[in-house]
Every structure is written in C-alpha cells, then in structure tokens.
Amino acid sequence: MKNISLNIDKVTGFVSKEQIMALKPQVEAAQKALEEGTLPGNDFLGWLHLPSSIDAEQIQLLKEVAQTLRENCEVVVVAGIGGSYLGARAVIEALSNNFAALLPANGPRVIFAGHNISEDYLSELTAYLSDKKFGVINISKSGTTTETALAFRLLKRQCEEQRGKETASKVIVAITDAVKGAARVTADKEGYKSFIIPDNVGGRFSVLTPVGLLPIAVAGFDIDAIVNGAKKMEEDCSPAVPFEENIAAMYAATRNALYASGKKIEILVNYQPKLHFTSEWWKQLYGESEGKEHKGIFPASVDFSTDLHSMGQWIQDGERTIFETVLSIEQPNSSLLVPSDEENLDGLNFLAGKHVDEVNKMAELGTQLAHVDGGVPNMRITIPALNEYYIGQLIYFFEIACGISGYVLGVNPFNQPGVEDYKRNMFALLDKPGYEEQSKAIRARL
Ligand code: PA5
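In this text, all values refer to a predicted model and were calculated from it rather than measured experimentally.

### Quick notes on the overall build of the protein
Per the secondary structure count, the protein includes 18 helices and ten strands. For the protein, the C-alpha radius of gyration of 23 Å lies close to 22 Å, the compact-globule estimate for 446 residues. Overall size of the protein, expressed as C-alpha extent along the three principal axes, is 60 × 60 × 50 Å. The burial tally for the protein puts 51% of its 446 residues in the buried class. Partitioning the contacts of the protein with sequence separation of at least 6, the portion at a separation of at least 24 is 78%.

### Focus on the nonpolar core
Among the nonpolar cores identified, the biggest contains 121 residues, and W47, L214, F397 and F398 are the most heavily contacted of them. Ranked by the residues each element gives to this core, the list is headed by helix α16 (residues 388–409), at 15 residues. When residues of this core are sorted by domain, at least three fall in each of domain 1 (5–41 + 227–409) and domain 2 (50–224). Beyond its immediate chain neighbours, meaning those up to four positions away, F398 contacts Y251, L268, W281, W282, L285, Y286, L327 and I381. Counting ten residues, the second largest nonpolar core, distinct from the first, contains I267, Y271, F304 and I315.

### Remarks on the site of the ligand
If you check the shell around the ligand, you find 13 residues, and the closest are S84, S140, K141, T145 and Q284. The contact in question runs from an oxygen atom of the ligand to an N or O atom on the side chain of S84, over 2.6 Å. S140 places a side-chain nitrogen or oxygen 2.6 Å from an oxygen atom of the ligand. For the ligand, whose free accessible area comes to 380 Å², the fraction covered by protein is 86%.

### Focus on the domain arrangement of the protein
Annotation of the protein at the domain level lists domain 1 (5–41 + 227–409) and domain 2 (50–224). Each of domain 1 and domain 2 has a C-alpha centre, and the two are 29 Å apart. Listed by partner, the interface residues are 25 residues for domain 1 and 28 residues for domain 2. Both sides together, the interface formed by domain 1 and domain 2 hides about 2,300 Å², and carbon and sulfur atoms give 64% of it. Where R204 meets E288, a salt bridge forms, and the shortest distance between an N and an O atom there is 3.5 Å. The interface formed by domain 1 and domain 2 holds ten residue pairs in polar contact (both at pLDDT 80 or more) in total. Mapped onto the side of domain 1 that touches domain 2, the elements with two or more residues apiece are α11 (223–236), α13 (276–290) and α16. For the side of domain 1 that touches domain 2, the element with the highest residue contribution is α13, accounting for eight residues.

### Points about the sheet that holds strand β4 (residues 134–140)
With parallel pairing, five strands are arranged side by side in an open sheet as β3-β2-β4-β5-β6. Every interior strand has two partners, whereas the edge strands, β3 (109–113) and β6 (193–196), have only one. Each strand axis lies, on average, 20° off the axis of its neighbour in the sheet, ignoring direction. Taken together, the four bridges between strand β5 (residues 172–176) and β6 define a ladder with parallel strand orientation.

### Some details on a negative patch on the surface
Among the surface-exposed residues, D341, E342, E343 and D346 lie close enough to one another that they form a single negatively charged patch. Along the chain, D341 falls in the loop between β9 (322–331) and α15 (356–373).

### Quick word on the sheet that holds strand β10 (residues 378–385)
One open sheet holds the five strands; their spatial order is β1-β10-β9-β7-β8, and the pairing between them is mixed. The open sheet has two edge strands with one neighbour each: β1 (5–7) and β8 (298–303). The mean angle between the axes of side-by-side strands here comes to 25°, regardless of whether they run parallel or antiparallel. Inspection of the sheet shows strand β7 (residues 265–270) paired to β8 by six bridges, in the parallel sense. What sits directly across from N270, in β8, is D303.

Scoring rules and cut-offs
- Residues numbered from 1 in each chain as written.
- Predicted model: local features only at pLDDT ≥ 70, side-chain atom pairs only at ≥ 80, totals over all residues.
- Heavy atoms only, no water.
- Helix = DSSP H or I, 4+ residues; strand = E, 2+ residues; numbered from the N terminus.
- Rg over C-alpha atoms; globule rule 2.2 N^0.38 Å.
- Buried < 20%, exposed > 50% of the residue type's maximum accessible area, 1.4 Å probe, protein only.
- Contact = heavy atoms within 4.5 Å.
- Core = buried A, V, L, I, M, F, W, Y, C linked by side-chain atoms within 4.5 Å.
- Domains from an automatic or database assignment.
- Near = heavy atom within 4 Å.
- Polar contact = N/O pair within 3.5 Å; in protein donor to acceptor, adjacent residues only side chain to side chain.
- Areas by Shrake-Rupley, 256 points an atom, 1.4 Å probe, with all protein chains shown as cover.
- Buried area = accessible area lost by both parts, 1.4 Å probe.
- Salt bridge = Lys/Arg side-chain N within 4 Å of Asp/Glu carboxyl O.
- Pairing = 2+ DSSP bridges.
- Axes fitted to C-alpha atoms, helices over the stretch in contact; angles between N-to-C directions.
- Patch = residues over 30% accessible without salt bridge, like charges linked within 9 Å, V, L, I, M, F, W, Y side chains within 5 Å.
- Lys, Arg positive; Asp, Glu negative; His and termini not counted.
- Charge placed at Lys NZ, Arg CZ, Asp CG, Glu CD.

Written as structure tokens, this is what we have:
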C-alpha cells in the first residue's frame, strides 16, 4: 500500500541540500526532546503516541454515540472553535461529496457553529434549525470559550424547546474537560453523554481525540481507518527512521532552512476544493504553534486553480519572501472525461477524451514550474487518494512535523499565550464582572 510522500526537489535552487542537511542535528535534538519530554510544552505531548495508544473501547463508545445521533437527528450542530472545530471540519469536508447538501440525506447533515460571534450567522442558524430534528456536539476544552458558550446557550434552549428536555438530553453530547468548566458542569447536571479531552492534548493537536473523531463518525466516516493511517505515520515519522527517509524530519528541516534564507511565508496549495478546510486546520496548527517571540513562518493558503486567477499574480510576481507546499492528490475518487463537441466553439476539442483530472494535473505541474521560475521554492506532498486512511496519515504527519519544526525554531510549540490579549480587551469592553479596572483603562484609550 502506498503512503503520503514528500518531494523537495524544487527547493534546492533556493536552499542547497547541504543547508537542509545542516539542520539534521537540530531536527534530531527536537525529535529526542519530543520523545523524552525535556523541553517547554512537555505537559502537552499526549498527541505524540495517540494513534498507537487509542483505546479500542473508546472507539467503540464513540461509534455507539455517533450511531445514536445518526438515528435521531436530521442535522447535528458541532459547536466549537479553533482546535475544537477545525480538525473535524477539515476531515469531514475532505471526505464529503462537494454537493453533499444537495444530495438525499444519508445520515444527518453535520454543520458548525460556535466559531464566530455573528448575529446574522446565529439568527440564520436558528431559523434553519427551526423545522429540523437536530442534535448538538458541544466541544470546548476549557468549557468557557465565549464564541462556543454563546452558541451553545442558544442551541441548548432551542433543542429543548423543539424536542423536549428528555430527548434533548439524549441528542446533546459534550466533549470537554474531566472536571472543570461550564460545559462539564452542564453536561453532568443535564445527564448528557460526554467525552473527555485529555489534559495533555492541546486543542490544535486534538483531532484524533473525541474532539475530531465523534463529529467525523457522526458524518458517517470510518474512524478506524483514520486512526490506522495516523498509526502508520507515527511509525514512519518516528526518530528511529533515518533523517533523509523521515518525511516529517525533512519537511521540518526544509521549511526552517527556507525561513532562515528569508522565505517568511509558507503557502499551502491545493487543487481540490474539498481541501480548503484542511488548509484552515494546517494554518491554525502551524500559526498558533510557531508564531511566538516575534518569529515564525506565516502560514497562508490558496485554493488552485481558483486562486490562480486572483492571488496567482502576487505569487508569480510579488515580493519574493514566500514558498509553497503543494498538496497533490494522486488519484481522484471519480472519473469524468472531457466530451467532444462538433462545433468546438470553445476550442477545447484538443482535450476531448482526457480525464478532467489530467487537465488539473497539468495546471498543477505548469504552475509549479512557473512559480519556481518566478522565484518561489516549491515542496510537494503527494497523497495517493482522498480517503480516511490517507487523511489520517496527513494529520499525524503535519502534527509531528509541527512539533519538530517549532522546537527547531526555538519556541514552545504547545502554548498560545498571544490569543488571550483580545479576550481581555473584549471582556473589559463588555463590562464583564471582574474587569472593572481594565474597562476604565481601555475606555480611556478609545
Ligand atoms: O488550539 C487551541 O488551543 C485553541 O485553538 C483552542 O482550541 C480554542 O481556543 C478553543 O478552546 P476551547 O476548546 O477551550 O473552547
């Protein structure tokens, strides 16, 4: 069976093999630190051996709870933000039919809330759910995140009003801390089924915990295959695998070598609309892990070929501080040929009989060469096919490479002190009890 693979041939005109190899000692030290837990952030390494240690009983329980939601709901709303949101959305979108919402339902439709504070979004959600048998998965590690708590307050009330308190308590599930936070208190008080987010797994590394696995199972996907794919990458990216053959080590070294050479922005590129949220998840993983102490590669993303008609200009000709990492899907899941047309008014008969994917692949190849010629180093991650197994591989590959890369950069990849500042200001401006002093100070600046 194939695996995901990494090709760095198209960066060597920008940084040499020697510059990449020079990072081998730092990469190996980072791998050792992760294994032995010797650097800051060592209390958040629970994700490191998660694929090989997931308990079969927990997987079974997740499947049973998912089945209850599938049997009793037309729609399941997953409430969460950041690490309590993006992993599940990335996987579900990558594996779903692009037009799933237009197809006859096969199990509930999974939708998302709790990741914004938009009055329009929440009002429109309320209206959409008003005639649906819906359930809720409330996900928050802290149990106190404003965006999620606000959405959940509305969803809980609506679910109880529409379905009655007893049914609501069966179709609302909590995924939160074992003991603390409002989400835990509510779950215990209302008798919701609940799952625990392990203390030692941070939000953005939690997709292989119930945070990601329950919504994915509710959407009808095979969580065993996801875990198996991740397990394969746990083996293939372990410190026992030599540097040159270890794709996580090579990816971490290459992006750090490029960063040191002045390439400050990494653009994750895809040629499949289904991967849009994979990039959103990746941006959180790398941005929140590495953007510290006034350093870190800025993670950006584009959806090609769509964005070749917009951002393509900047990438080809703008400031030369970028590099690209292309997610390339080797084999599409469907087959569609370009038809021949008698009149050929669009001049496309030269493509007749070819697979649409061949046209896409030539766009990908042509773009890569053009961007390299334009001064943009390119890496390619090849994914044999978009299925659960390879998505599992990709998740773990990016997670372990992120841990290595953050330590090579010299930051703690497992904290996020910078995300607290906006919250303090927002609470002060909203006159939250306990914020009186900050409230006065902030108003004086307005
Ligand atoms: O990665 C992280 O730690 C964050 O993105 C959190 O997941 C996010 O802020 C949501 O936090 P919580 O799960 O506590 O509601």
